[in-house]
Structures are given as C-alpha cells and as structure tokens.
Amino acid sequence: MAYTFDRRSFLRYSMIAGGAVGSASVLAACSSGSSDSGGASATNPKVQLSWQKNIEFAGEYFALENGYYEAAGLGTPELITGGGPGTGVETGLTSNKVWIGMTAPQLTAPVILQGAALKTIAATFQKNPFCIVSGAQTPILSPQEMKGKKIGVQASNENVFKALLTANGMVESDVQKITVQYDPTPLTTGEVDGWVSYVTNEPITLAEGGFPNANFLFADFNLPLVAETLVVRQETIDNERDKLKAFLKADIQGWYDAVADPAKSAELAVTKYGKDLGLELGEQTKEAEAQNLLIVNDDSKANGLLTITPALIDLNIEALAKAGYEITAEQLFDMSLIQEVYAENPDLKKAI
C-alpha cells in the first residue's frame, strides 16, 4: 500500500545546511525598501501561516468564527496559506508583505543571524512535532535504540536528524541513514526500521492504513524546540504594541476554544477553511487530539496557552546551538507582550 502524506514537516521545520530555506531571498528582501506594511497599520492584518489551512490553525479559525479578532479591533485578519516556494514566513515579514506569521525557531534564528530584525513573541506548540516512527512489532523508542538500524531521512531533514544525534551523544555512523522521499511505504515494507516523521501526521495515517506503529519525539530527547511560533518584525513591536497584544489576546481565546473541542476544530478545517484540500474529518480530528498534547503541558496550564517559560527558552537556545545556530535568547525571543496580555486580562487563562 502506498501512503500519501502532506510535506508540511519537511518543508517548514527542516533545517537546511547553511541556514533556513530561502535565506538568500530573505536577505534580499531585507534591503528591498518595500513600503508595503503587510496590513500593519490597518485592520484585517495579513497573517502568514506556516502551511495549508488544515487543523494546525484551528485556534485562528475559532478566533475568526467567534469574533475575537473583530472584538479586538483587528477586523478580519487574512490567513495566507504557506508551505510553497517563496511563501516562508521570514520572507513575508522581511519584505513587509505580512504583519505576523507562524514559523519555528530553527527557521527564524538563521535569518536573524543574517541581519533580519525579527522576534518570536509566542508559541502554540510547546513541543516540536518531529518524531521517529517505527513498526509496533519492532519499536524504536529512543535515539539509542536507533543504533545499527536503518533510518529513513529526507534530504531536507538531514540537519534536524543530525542535531538529534548530536544532542544524544551519537554520530551518523551509529545508524544506517537511508535517504528517502516523503512516502513512508519503505517503513511498511521493512526496507527501513525507522522514519523521520511528524507525530500528528504519519503515525496516525499509517495506523489508519493498517500499519500499527510506535514513535518517540525529538523534543523528549534533548531537542526541545517549540513550534508554530508567532513571529513579527521588531518595528511592529516598537510601533504597534497594542495591536500585537490585541492579536495575541484574540489568538489565545481561539486556541482555548480549539483545545476544548477537537471535533469542531476538525469540522472548521475540513468544511470551511481547508474545504478545497480534500481533508478527512476523522483523520483531522485525530490530528487535533494529537496536537493538543503538544500545545497543553504543565507550563501552559499554569501560565496560559502560547506562553514560553524562561527555562524552555534556554533549552531552545541550547538546542539551536547543537544545530549550529549560535543565537541568544534576547535576539530571538520577546515574551513581554504575552506576559502583559495575561496580566491585563486575568480571566483569559482557563482550566484545560
């Protein structure tokens, strides 16, 4: 049986040798002098998604559906599909084409190191979704258990896989790395023992296709990068702080709704926002349930959704260094806005 999967984990959260995907175009955009504000000074701001309009943006769908953005004075933000060539969030931000975007530290950090004035102000996923998926009969449940095994690694994921090995005291010769494409059929046929995957996608679809499987998260083994981070230009923080805080408040409200109702989240993705994608309701519901495990943990329960603790920030900085990106927390993160949002709206945080 051949399996068809979207390429989101491989196109968005991969760390390409020498920098993020499209870094050259990002740097060119930095000096373009574009006057397009990306909707920054008006309502209906442009919001760049990291991928297509599937379940991953359920919080934004709820914020639109329930009028949270409108109540915040933002009108109806325009959700812009990402994931294709030239649609990287960092490129959109540095060229002033969008106002805010969803991305990942390993994509933002190298662009900042090359001169872009960007900041991460929140994170939906407290854990990144990268995992190694394997067959249930011969499970691989830790990096050490990969030793001597054949691991399918997509070319675009070689750096993040190498970072996993480095973070766990291993080298590439410890495993038999097999360069693969995106269809994990070789895992089901036994050509490889493990497969670089996205925990909210391949494990679910493989199981539904009749292949019981197991997995372990990179984030649980010394590579604790956050994901679906909200990133903006520094000038937006400086000049439109109140608008950003209004957006964060509305987005937080939407995500509390989404976490509480995976079935409705899937319905919005399948029947409205991603209706042209051919999404399957049952599968999207399972993905919503799976991503809730990445969104909700003890820290986000205590501090509120989309927050990042100083300890987790430090771990991200360490993880980025293991991947070859030497950057400071102050260069990459600014948690002051979301802290102010929760302080000014004590009823915003809910039990989950």
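Attention in this report is confined to the structure presented alongside it. Residue numbering note: each chain is counted from 1, following its sequence as written. Given that this is a predicted model, residues contribute local features only at a pLDDT of at least 70 and side-chain atom pairs are listed and counted only at 80 or more, while totals for whole chains, interfaces and linings are drawn from all residues. Hydrogens and water are ignored here; the side-chain numbers use all heavy atoms of the structure.

For the protein chain, the helix and strand inventory stands at 17 helices and 10 strands. The buried label goes to any residue with under 20% of its type's maximum accessible area, the exposed label to any with over 50%, and the partly exposed label to all in between, with areas taken from a 1.4 Å probe on protein chains only. Looking at the protein chain residue by residue over its 352 residues, the buried ones come to 57%. Residues are treated as being in contact if the distance between any of their heavy atoms lies within 4.5 Å. Pairs at least 24 residues apart make up 82% of the contacts formed inside the protein chain by residues separated by at least 6 positions. Note on areas: Shrake-Rupley, 1.4 Å probe, and residue coverage restricted to the protein chains presented here. As displayed, the protein chain offers around 13,500 Å² of accessible surface, 51% of which is attributable to carbon and sulfur atoms. Secondary structure elements are taken from DSSP: a helix is a run of H or I of four residues or more, a strand is a run of E of two residues or more, and numbering for both begins at the N terminus.

Let's shift gears to the side chain of Lys 119. Locating Lys 119 in the fold gives a position in strand β4 (residues 118-125). Residues counted as positive are Lys and Arg, residues counted as negative are Asp and Glu, and His and the chain ends are not counted. Salt bridges, as used here, are contacts in which a Lys or Arg side-chain nitrogen is within 4 Å of a carboxyl oxygen on Asp or Glu. Of the side chains with opposite charge, Asp 334 lies nearest to the buried Lys 119, which makes no salt bridge, at 5.2 Å. Side-chain atoms alone can form a polar contact between residues adjacent in sequence; in general such a contact is a pair of N or O atoms within 3.5 Å, and within protein one must be able to donate a hydrogen while the other accepts it. One polar contact links Lys 119 to Gln 234, side chain to side chain, over a distance of 3.0 Å. Lys 119 has contacts with Leu 230, Val 231, Val 232, Gln 234, Ile 237, Glu 330, Gln 331, Leu 332, Phe 333 and Asp 334, leaving out every residue within four places of it along the chain.

Right, let's get into the sheet that holds strand β5 (residues 130-135). Adjacent strands of a sheet form backbone hydrogen bonds with each other and so pair up, either parallel or antiparallel. Any two strands with at least two DSSP bridges between them are considered paired. Sheet architecture is open: five strands sit in the order β7-β6-β8-β5-β9, paired in mixed fashion. The open sheet has two edge strands with one neighbour each: β7 (176-180) and β9 (213-217). Within the sheet, the average angular offset between the axes of one strand and its neighbour, ignoring direction, is 35°. Every axis in this analysis is a line fitted to C-alpha atoms, fitted for helices over the stretch in contact. Angles between the N-to-C directions lie between 0 and 180 degrees.

Another point: the sheet that holds strand β2 (residues 78-80). One open sheet holds the five strands; their spatial order is β2-β1-β3-β10-β4, and the pairing between them is mixed. The open sheet has two edge strands, β2 and β4, and neither has a second partner. Direction aside, the axes of adjacent strands within the sheet are offset by 25° on average. Pairing of strand β1 (residues 46-48) with β2 involves three bridges; the strand directions are parallel. Directly across from Gln 48, in β2, lies its bridge partner Ile 80.

Our next topic: the packing of aromatic side chains. The pairing test for Phe, Tyr and Trp rings, Trp by its six-membered ring, is centres within 6.5 Å, and the orientation test on the planes gives stacked under 30 degrees, edge-to-face over 60, and tilted for anything in between. According to the stated counting rule, one finds five aromatic pairs in the structure shown. Pairing Tyr 69 with Phe 247 gives two aromatic rings, centres 5.2 Å apart and planes at 20°, and the pair type is stacked. With Tyr 69 in helix α4 (residues 68-71) and Phe 247 in helix α11 (residues 241-260), this pair connects stretches of sequence that are 178 residues apart. Centre to centre, the rings of Phe 216 and Phe 221 are 5.3 Å apart; their planes meet at 75°, and the pair counts as edge-to-face.

With that out of the way, let us pick up the packing of α11 against helix α17 (residues 336-344). The N-to-C vectors of α11 and α17 enclose an angle of 70°; their axes lie 9 Å apart at closest approach. Considered as vectors, α11 and α17 are oriented roughly perpendicular to each other. Regarding α11 and α17, the two cross each other, and that crossing is right-handed. Listed contacts from α17 to Arg 241, Leu 244, Lys 245, Leu 248, Lys 249, Ile 252 and Tyr 256 of α11 are Ser 336, Leu 337, Ile 338, Glu 340, Val 341, Tyr 342 and Glu 344. Class assignment for the residues of the contact of α11 with α17 results in eight nonpolar, one polar and five charged. The scheme is simple: roughly parallel for angles under 35 degrees, roughly antiparallel for over 145, roughly perpendicular for 65 to 115, oblique for anything else. Left-handed describes a crossing in which the near helix is turned anticlockwise from the far one by less than a right angle; the clockwise case is right-handed. Asp, Glu, Lys and Arg are counted as charged, while Ala, Val, Leu, Ile, Met, Phe, Trp, Tyr, Cys and Pro are counted as nonpolar; the rest, among them Gly, fall into the polar class.

With that settled, the discussion passes to the packing of helix α3 (residues 58-65) against α11. Working note: a packed helix pair is described by the angle between its axes plus the distance between those axes. Remark: α3 packs on α11, axes separated minimally by 7 Å, with the N-to-C direction vectors making an angle of 110°. Judged by the inter-axis angle, α3 sits roughly perpendicular to α11. On α11, the residues that touch Ala 58, Gly 59, Glu 60, Phe 62 and Ala 63 of α3 are Ala 250, Asp 251, Gly 254, Trp 255, Asp 257 and Ala 258. Residues belonging to the contact of α3 with α11 are distributed by class as follows: six nonpolar, two polar and three charged.

Moving on to the pairing of β9. In terms of residue burial, β9 counts as a mostly covered element, since four of its five residues are buried. By the bridge criterion, five bridges tie β5 to β9 in an arrangement that is antiparallel. Opposite Ser 134, over in β9, you have Ala 214 as the bridge partner.

The next subject is the nonpolar core. Buried Ala, Val, Leu, Ile, Met, Phe, Trp, Tyr and Cys residues form a nonpolar core when they are joined through side-chain atoms within 4.5 Å. Core analysis: the biggest nonpolar cluster contains 95 residues, and Ile 100, Ile 121, Ile 132, Met 146, Phe 161, Leu 230 and Leu 305 have the highest contact counts within it. Broken down by element, this core gets its largest block of residues, 10 residues, from α11. For Ile 100, the residues in contact, after removing those within four places along its chain, are Lys 46, Val 47, Gln 48, Leu 93, Ile 121, Leu 230, Val 231, Val 232, Leu 244 and Phe 247. Val 133, Val 192, Leu 206 and Phe 211 belong to the second-largest nonpolar core, a separate cluster that totals seven residues.

This paragraph deals with the side chain of Asn 128. Relative to the helices and strands, Asn 128 resides in the loop between β4 and β5. At a separation of 3.1 Å, a polar atom in the side chain of Asn 128 contacts the main-chain amide nitrogen of Phe 130.

Next up on the list: the pattern of salt bridges. Tallied over the entire structure, the rule returns 11 salt bridges. Where Glu 65 meets Lys 272, a salt bridge forms, and the shortest distance between an N and an O atom there is 2.5 Å. Of this pair, Glu 65 sits in helix α3 while Lys 272 sits in helix α12 (residues 262-273), and the two are 207 residues apart along the sequence. Looking at Glu 65, the relative accessible area reads 35%, which means it is partly exposed. Residue class for Lys 272 comes out partly exposed when judged on its relative accessible area of 44%. The salt bridge involving Lys 286 is made with Glu 208; its shortest N-O contact spans 3.2 Å. Residue Lys 286 is located in helix α13 (residues 281-295), and its partner Glu 208 is located in helix α9 (residues 202-208); the two are separated by 78 residues in the primary sequence. Using a relative accessible area of 41% as the deciding quantity, one classes Glu 208 as partly exposed.

Keep in mind these numbers describe shape, not what the thing actually does.
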